[in-house]
Amino acid sequence: MTIVDLIGLGLFVIAFFGYAHIANLAGRGKNVNALMHEVRRTWMQRMMERPDRIVDAALTGHTVNSMSFFSSATILVVAGLLGVLGQAEEAQKVMAGWVFVAHSSATLFQLKIIGLVAIFVYGFFRFTWALRQYNYCCTLIGAAPLAKNDYPHRIELADQMARVYTSALTSFGGGIRCHYFALAWLAWLIDPVAFIVATIGVMLVLLRRQVASHSARAIQRYVELNPPEGPPSPGPSEN
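Not measured: the values here are computed from a predicted model.

As a further point, take the packing of aromatic side chains. According to the stated counting rule, one finds 19 aromatic pairs in the structure shown. Aromatic side chains F12 and F195 sit 5.7 Å apart centroid to centroid with 35° between the ring planes, which places their arrangement in the tilted category. With F12 in helix α1 (residues 3-17) and F195 in helix α8 (residues 192-211), the pair connects residues that are 183 residues apart, well separated along the chain. Each member of the pair, F12 together with F195, is buried. Taken together, a centroid distance of 6.2 Å and an interplanar angle of 65° make the contact between F17 and Y122 edge-to-face. Placement of F17 in helix α1 and of Y122 in helix α6 (residues 106-143) is noted, with a sequence separation of 105 residues between them. The structure contains a cluster of three or more aromatic residues connected by ring pairs, namely F12, F16, F17, Y122, F181, W185, W188 and F195.

As structure tokens, this is what we get:
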């Protein structure tokens, strides 16, 4: 590896594993993920008041289908990359003939493919853990006390359900980010400078959506107009 390769790799590691902390600092605790946790608290509190929870179960089931799709798609991508790894020398020779691709050894090319496989494997684990937690959410909805009961801990119970939802969607978001950062990693196959530019570009796109997008501003205003009951509840940390 050259110095530029090492710089790009270090930048990628910081962006990939430090994204949650960077997004929290950029949004000063009011990014989309933090705001949506408050929205889920409100949702769970309203759910506790409804005698019929069919809508809540339907919304949960829709997200479970999305998680299952991404989980299956990710494992297919991993299988395809393993096939490329088996023909790495031939693939490297083909790419070496492209004028815009920087020259690299066959060993380094194989390591880049292995790194790409590792990213998607990590994403697969995030998706499957999110799916598992969403199954927990379905159970919590089914076990919620009836609306007509005078249950004394409704707000606290709703907060705990919201924490499980947020934890599940945090894992799901981590899996989605693996696909984004995999695109930046692909740029490393072309040139280390392109790798650095792509990593910074992906990071800026994700941060803008978390902090400065129209949706982020609308969600923040929604929370201001429709806050949950009780004191603010910090969501679960990145898992």
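After that view, the rundown keeps rolling.
What follows is about helix α4 (residues 54-86). Between its terminal C-alpha atoms α4 stretches 49 Å, which fits the 48 Å expected from 33 residues at 1.5 Å a residue. Every buried residue of α4 is accounted for by D56, T60, T63, V64, M67, S71, T74, V78 and L81. On its buried side, α4 packs onto α3 (32-49), α6 and α7 (154-188).

How each quantity is defined
- Residues numbered from 1 in each chain as written.
- Predicted model: local features only at pLDDT ≥ 70, side-chain atom pairs only at ≥ 80, totals over all residues.
- Heavy atoms only, no water.
- Phe/Tyr/Trp six-rings, centres within 6.5 Å; stacked < 30°, edge-to-face > 60°.
- Helix = DSSP H or I, 4+ residues; strand = E, 2+ residues; numbered from the N terminus.
- Buried < 20%, exposed > 50% of the residue type's maximum accessible area, 1.4 Å probe, protein only.
- Expected span 1.5 Å × (residues − 1).
- Contact = heavy atoms within 4.5 Å.

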